[in-house]
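Topology and contacts: notes
Each chain, letter by letter, is given below.
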Amino acid sequence: MGAADTAAADPDQRIPVVVHAADPISRAGVVSQLRTHPVIDLRDEVETAPGSVAVLIGETLDETTFTRLRRLVRGEGARAVLVVSAVREAQLLDVIECGVGAVVWRHEATAHRLLQAVLAASRGDGDLPADLLGRLMSQVGTLQRSAAGGTGSPATGLAAREADVLRLVAEGLDTAEIARKLSYSERTVKNVLHGLTTRLYLRNRAHAVAYALREGYI
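Starting from 1, residues in each chain are numbered consecutively following that chain's sequence as written. Residue-level local features of this predicted model are given only where pLDDT is at least 70; pairs of side-chain atoms are given and counted only at 80 or more, and the full residue set underlies all totals for whole chains, interfaces and linings. Think of the side-chain values as coming from all heavy atoms in the structure, minus any hydrogens and water.

1. Observations concerning the packing of helix 8 (residues 175-182) against helix 9 (residues 186-199)
The interhelical angle for the contact between helix 8 and helix 9, taken along N-to-C directions, is 105°, at an axis separation of 8 Å. In this view, helix 8 runs roughly perpendicular relative to helix 9, as classed from their interaxial angle. Along its contact with helix 8, which presents T175, A176, I178 and A179, the element helix 9 presents E186, V189 and K190. Charged residues are taken to be Asp, Glu, Lys and Arg, nonpolar residues to be Ala, Val, Leu, Ile, Met, Phe, Trp, Tyr, Cys and Pro, and polar residues to be all remaining types, Gly included. Looking at the contact of helix 8 with helix 9 residue by residue, the classes come out as four nonpolar, one polar and two charged. To obtain an axis, a line is fitted to C-alpha atoms, over the contacting stretch when the element is a helix, and the angle between two such axes runs from 0 to 180 degrees between their N-to-C directions. Strands here mean DSSP runs of E at least two residues long; helices mean DSSP runs of H or I at least four residues long; both are numbered from the N terminus. Oblique is the label for any angle not under 35 degrees, not over 145, and not in the 65 to 115 range, which are roughly parallel, roughly antiparallel and roughly perpendicular in turn. In this description, contact between two residues means that some pair of their heavy atoms is separated by no more than 4.5 Å.

2. Here's the deal with the packing of helix 7 (residues 160-170) against helix 9
Contact geometry for helix 7 and helix 9: axes closest at 10 Å, N-to-C directions at 100°. Here helix 7 lies roughly perpendicular to helix 9, going by the angle between them. Counting all contacts with helix 7, which are made through R161, E162, V165, L166 and V169, the residues of helix 9 involved are T188, V189, V192, L193, L196 and R199. Taken together, the residues of the contact of helix 7 with helix 9 break down into seven nonpolar, one polar and three charged.

3. Focus: the pairing of strand 3 (residues 53-57)
Taking burial as the measure, the five residues of strand 3 include five buried ones, the bulk of the element. Residues V53, V55 and I57 line one face of strand 3 and the alternating positions A54 and L56 line the opposite face, and both faces are buried. Strand pairing follows a simple DSSP-based rule, namely that at least 2 bridges must link the two strands. In terms of strand pairing, strand 1 (residues 15-21) meets strand 3 through five bridges, oriented parallel. Paired with V18 across the two strands is A54, which belongs to strand 3. Relative to strand 4 (residues 79-84), strand 3 runs parallel, the two being bridged by five bridges. The residue bridging V55 from the neighbouring strand is V81, located in strand 4. Each parallel crossover has a hand, and for strand 3 linked through helix 3 (residues 63-75) to strand 4 it is right-handed. Note on classification: 1.4 Å probe, protein chains only; a residue is buried when its accessible area is under 20% of the maximum for its type, exposed when over 50%, partly exposed between these limits. Seen with the strands pointing away from the viewer, any crossover whose path from the first strand over the helix to the second strand runs clockwise is right-handed.

4. Focus: the confidence of the model for the chain
Confidence scores labelled pLDDT are given residue by residue by the predictor and lie between 0 and 100. Residues with a pLDDT of 70 or more make up 84% of the chain, whose mean pLDDT is 81. Per-residue pLDDT stays below 50 along residues 1-9; that stretch engages in nine contacts with residues further than four places along the chain or on separate chains. When the criterion is pLDDT under 50, residues 150-156 qualifies, and its contacts beyond four places in sequence or with other chains add up to seven contacts.

5. Quick look at the sheet that holds strand 3
Adjacent strands of a sheet form backbone hydrogen bonds with each other and so pair up, either parallel or antiparallel. On the basis of which strands lie adjacent, the open sheet formed by five strands has the order 2-1-3-4-5 and parallel pairing. Each of the sheet's edge strands pairs with one partner strand only, and the pair in question is strand 2 (40-43) and strand 5 (100-105). The sheet shows a mean angle of 25° between the axes of neighbouring strands, direction not considered. Against the sheet, helix 2 (residues 24-34) engages strand 1, strand 2 and strand 3, with an angle of about 160° to strand 1. Sitting on the sheet, helix 3 is in contact with strand 1, strand 3, strand 4 and strand 5, with an inclination near 175° to strand 3.

6. Considering the packing of aromatic side chains
In summary, the pairing rule links any two rings of Phe, Tyr or Trp, Trp by its six-membered ring, whose centres are within 6.5 Å, and it sorts them by plane angle into stacked for under 30 degrees, edge-to-face for over 60 and tilted for everything else. Under the counting rule described, the total for this entry stands at zero aromatic pairs. Charge over a ring is defined by NZ of Lys or CZ of Arg lying within 6 Å of the ring centre and within 35 degrees of the ring normal. Cation over ring: R161 sits above Y184, and NZ or CZ is 5.9 Å from the ring centre.

7. Some details on the side chain of H207
Mapped onto the elements of the fold, H207 is located in helix 10 (residues 205-215). A relative accessible area of 10% places H207 in the buried class. Not counting residues up to four positions away in its chain, the partners in contact with H207 are I96, E97, Y201 and L202.

What follows is the structure in structure tokens.
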């Protein structure tokens, strides 16, 4: 049984979801896709609250979209899923630093794909399309080469095992896979991530990865 099936089978674990879109047709489409899942508790836009998942739909990213993302995540405490047609290279780290943990391409926004992204966001996990993850990893390589050629050293802030965990998060591994890879318990992995995000005032795993990239740890 998959994660989506497991979650849907537990009626006590419904996830509050708020759908935001500039046009009513896009909003209605995503609402109709998500409404079929018992695990989803759809709310009105005014009901965005800490712990809820905000699904933000748009064609492309502009400053208005980024402003709204920051308000939803930082101001209202929501976990964000972004449904867009494209993300430019220069916007990749900005998207992550805004607190977006999951991205869905509009042409792939089936009911199953949307549910997968909402579940990941509600857990604080990352869920990026394979091609977007590949582009992000290319930026990792660029930053690594840049850091290697510089004379400075990374800023203090991450312990060795924190960097190891974040490196695997950046590669797309989930908690169980990271635990197996590093011979840790899943609780240890969660504690490591919770500790570093709390200490460094990071919003989620994706933001922690962005921090590690910028500081040259991974």
